[in-house]
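Structure assessment
Next come the chains, spelled out residue by residue.
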Amino acid sequence: LGIFLSGGIDSSALVALAAKNRALTTLSVIFDEKDYSEVTYQRIIADKYKTDHHEIRLSEDDFYAEVDNIFRAMDQPTIDGINTYFVSKAAKLLGLKTVLSGAGGDEVFCGYESFKSIGALRAIQRMAKILKFPLCLAGNLNDRWSKLNYLQCGSPSALYLALRGLFAPKDAAGILAISEKEVLEAIARICPPCSFSTLNPVDWLSYTEINFYLKNQLLKDADTMSMYHSVETRVPYLDHMLVDYVASVSPKLKVDRSIPKPLLVRLLKGMLPDEIIFRKKQGFAFPFDLWLKKKARPLFEEALGKGGRDRKYAEYLWRKFELNKLHWSRVWGLIILGLSGKQ
């Protein structure tokens, strides 16, 4: 049995709990790029719980050598899953058949920063008519703030896309060569699984994250990428009894500005060092921004050659990316859109 150990709260908690009952093998991906390295935190947990720890060093050359296989493993377009692809490949090389993953911890225990701001965003959306002009100005700011333009649409889906959408309405319209109005009208027709009129904003966001981002992206990608290497991934945080119980707890107990994931952290008092609990949230991040700037231009050109997108606007987005004004996931999304299905 292995555990994917990122060095964050979720995976570290799994190690702390599972180590009570058996010897564990832990796996971590490490990089030469120091800004992305979580090796310090990974080793703290591995040493504390005396796991058989393995570090897999991954470089940009390793990434580009596996690009074709990554596309083969991908059963539908997605910008995620590459981290799971490599850690699953390492698990197979170690002879592991089953691994535990911390997926679901942030969605169930309200770990994303957005859980602290969802109430304010919901209030802004309700005042969208009054704030329409300043919201339009947001489109001229960086890509994170420009997604506030979704709040001009009053649907629950628009509120969620302001947090989780890949492209702002303006950029989606530019890529598809349609009007921004058409983008917002299409979003208004999307019905989320639950209306926020009946739930506290925190509970609504948790429910929506579980039923959209987690179910349709994180779990799907974890399954396809790990099974490509014949490795079974198990997700203890999504045991239905645990999810049902946490969902019943008052949202006031789920979010605390001084403690991340307070329900989980207080349960594990004394089991996780403060360095793990109060570290800056990083997620399972790769140095993709650096790697794509160096070598991804040929992939980008190949993707544009497939057609179906506005090439001029795509080039505009690439230039913004090169100037550090656009998150790497946007250009990677364009590449995936063009090359998905590549065998």
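Before reading on, note that the structure itself is shown above.
Attention in this report is confined to the structure presented alongside it.

Definitions and cut-offs
- Counting restarts for each chain, with residues numbered from 1 along the sequence as it is written.
- For a predicted model such as this one, the threshold for reporting local features is a pLDDT of at least 70, and the threshold for listing and counting side-chain atom pairs is 80 or more; totals across whole chains, interfaces and linings nevertheless cover every residue.
- The side-chain numbers reported here are obtained from all heavy atoms of the structure, hydrogens and water having been left aside.
- Strands here mean DSSP runs of E at least two residues long; helices mean DSSP runs of H or I at least four residues long; both are numbered from the N terminus.
- Only C-alpha atoms enter the radius of gyration, while the globule expectation follows 2.2 Å times N to the 0.38, with N the number of residues.
- Here, residues are in contact when the closest pair of their heavy atoms is within 4.5 Å.
- We score Asp and Glu as negative and Lys and Arg as positive, and we do not count His or the chain ends.
- Every charge is mapped to an atom, namely NZ of Lys, CZ of Arg, CG of Asp or CD of Glu.
- Summary of the burial criterion: residues with accessible area below 20% of their type's maximum are buried, those above 50% are exposed, and those between are partly exposed, where the area comes from a 1.4 Å probe applied to protein chains only.
- Side-chain atoms within 4.5 Å link the members of a nonpolar core, which is a set of buried Ala, Val, Leu, Ile, Met, Phe, Trp, Tyr and Cys residues.
- Salt bridges are defined by distance alone: a side-chain nitrogen of Lys or Arg within 4 Å of a carboxyl oxygen of Asp or Glu.
- Only the six-membered ring of Trp is used, alongside the rings of Phe and Tyr, when aromatic pairs are assigned; centres must lie within 6.5 Å, and planes under 30 degrees apart are stacked while those over 60 apart are edge-to-face, with the rest tilted.
- Lysine NZ or arginine CZ positioned within 6 Å of the ring centre and within 35 degrees of the ring normal marks a charge as sitting over the ring.
- Here a polar contact means two N or O atoms within 3.5 Å. Within protein one must be a hydrogen donor candidate and the other an acceptor candidate, and residues neighboring in sequence count only if both atoms are side-chain atoms.
- Every axis in this analysis is a line fitted to C-alpha atoms, fitted for helices over the stretch in contact. Angles between the N-to-C directions lie between 0 and 180 degrees.
- Note on terminology: angles under 35 degrees are roughly parallel, angles over 145 are roughly antiparallel, angles of 65 to 115 are roughly perpendicular, and the others are oblique.
- Handedness of each helix crossing follows the sense of rotation of the near helix against the far helix: counterclockwise by less than a right angle gives left-handed, clockwise gives right-handed.
- Strand pairing is defined by DSSP finding a minimum of two bridges between the two strands.
- Handedness of a crossover: with both strands directed away from the viewer, a clockwise path from the first strand across the helix to the second marks it as right-handed.

Description of the overall build of the protein chain
- Across its full length, the protein chain holds 20 helices and five strands.
- Over its C-alpha trace the protein chain gives a radius of gyration of 21 Å, about what one expects of a compact globule, namely 20 Å for 343 residues.
- Seen through its principal axes, the protein chain has C-alpha atoms that stretch 55 × 50 × 30 Å.
- Contacts in the protein chain between residues at least 24 apart in sequence constitute 73% of all its contacts with a sequence separation of at least 6.
- Averaging the locations of the 47 positively and 39 negatively charged side chains of the protein chain gives two centres separated by 4 Å.

Considerations on helix H10 (residues 156–164)
- Taken residue by residue, H10 has Pro156, Ser157, Ala158, Leu159, Tyr160 and Ala162 as its buried positions.
- The elements touched by buried residues of H10 are helix H7 (114–126), helix H12 (180–188) and helix H13 (201–228).

Notes on the nonpolar core
- Membership of the largest hydrophobic core comes to 72 residues, with the highest contact counts inside it found for Phe63, Leu292 and Trp332.
- Aside from chain neighbours lying at most four places away, what touches Trp332 is Phe63, Phe71, Ile79, Ile82 and Leu292.
- Within the second largest apolar cluster, 26 residues are counted, among which are Ile9, Val15, Val243 and Leu264.

Things to note about the pattern of salt bridges
- For the coordinates displayed, the defined rule picks out 19 salt bridges.
- Here Arg297 makes a salt bridge to Glu315, at a shortest N to O gap of 2.8 Å. Of this pair, Arg297 sits in helix H18 (residues 297–304) while Glu315 is found in helix H19 (residues 311–322), placing the two residues 18 residues apart along the sequence.
- What makes Arg297 partly exposed here is its relative accessible area of 27%.
- Using a relative accessible area of 16% as the deciding quantity, one classes Glu315 as buried.
- Overlapping salt bridges bring together Arg297, Glu301, Arg311 and Glu315 as one network.

What to know about unusual backbone geometry
- Its identity is not glycine, yet Cys110 carries a phi of approximately 60 degrees, on the positive side.
- Counting through the fold element by element, Cys110 comes out in the loop between helix H6 (105–108) and H7.
- Despite not being glycine, Ala177 shows a phi value in the positive range, around 60 degrees.
- Here Ala177 is to be found in the loop between helix H11 (169–176) and H12.
- Overall, Ala177 belongs to the exposed group, its relative accessible area being 57%.

Focus: the packing of aromatic side chains
- With the rule as written, the count across this model stands at 22 aromatic pairs.
- An angle of 70 degrees between the planes, with centres 6.0 Å apart, marks the rings of Phe31 and Trp291 as edge-to-face. With Phe31 in the loop between strand E2 (25–30) and helix H2 (39–48) and Trp291 in helix H17 (residues 288–295), this residue pair connects regions lying 260 residues apart in the sequence.
- Of the residues examined, Phe31 reaches a relative accessible area of 6% and is grouped as buried.
- Grouping aromatic residues by their ring pairs yields a cluster made of Phe31, Phe63, Tyr64, Phe71, Tyr85, Phe86, Tyr228, Phe286, Phe288, Trp291, Trp328 and Trp332.
- The positively charged end of Arg164 is found above the aromatic ring belonging to Tyr112, 5.0 Å away from the centroid.

Here's the deal with the environment of Asp256
- Structurally, Asp256 is set in the loop between helix H14 (240–248) and helix H15 (262–267).
- As a C-alpha pair, Asp256 and Tyr245 span eleven residues in sequence and 19 Å in three-dimensional space.
- Discounting residues that sit within four places of it in the chain, Asp256 has contacts with Lys116, Pro262 and Arg266.
- Side chain to side chain, Asp256 and Arg266 meet in a polar contact 3.1 Å long.

Brief notes about the packing of H7 against H10
- In contact at an axis separation of 11 Å, H7 and H10 are set at 135 degrees when each is read in the N-to-C sense. Relative to H10, H7 is oriented oblique. For the pair H7 and H10, the crossing hand works out as right-handed. Where H7 abuts H10, its residues Ser114, Ile118, Leu121, Arg122 and Gln125 lie against Ala158, Leu159 and Leu163.

Here we look at the pairing of strand E3 (residues 52–57)
- By the bridge criterion, six bridges tie E2 to E3 in an arrangement that is parallel. Within the sheet, the bridge partner assigned to Thr26 lies in E3 and is His53.
- A crossover links E2 with its parallel partner E3, the connecting element being H2, and its sense is right-handed.

Examining the pairing of E2
- Along E2, six of the six residues are buried, which leaves the element largely enclosed by surrounding structure.
- Side chains Thr25, Leu27 and Val29 project from E2 onto one buried face, and the interleaved Thr26, Ser28 and Ile30 project onto a second face that is buried too.
- Relative to E2, strand E1 (residues 2–4) runs parallel, the two sharing three bridges. Opposite Gly2, over in E2, you have Thr25 as the bridge partner.

It is worth stressing that arrangement in space is one thing and function is another; only the former is reported here.
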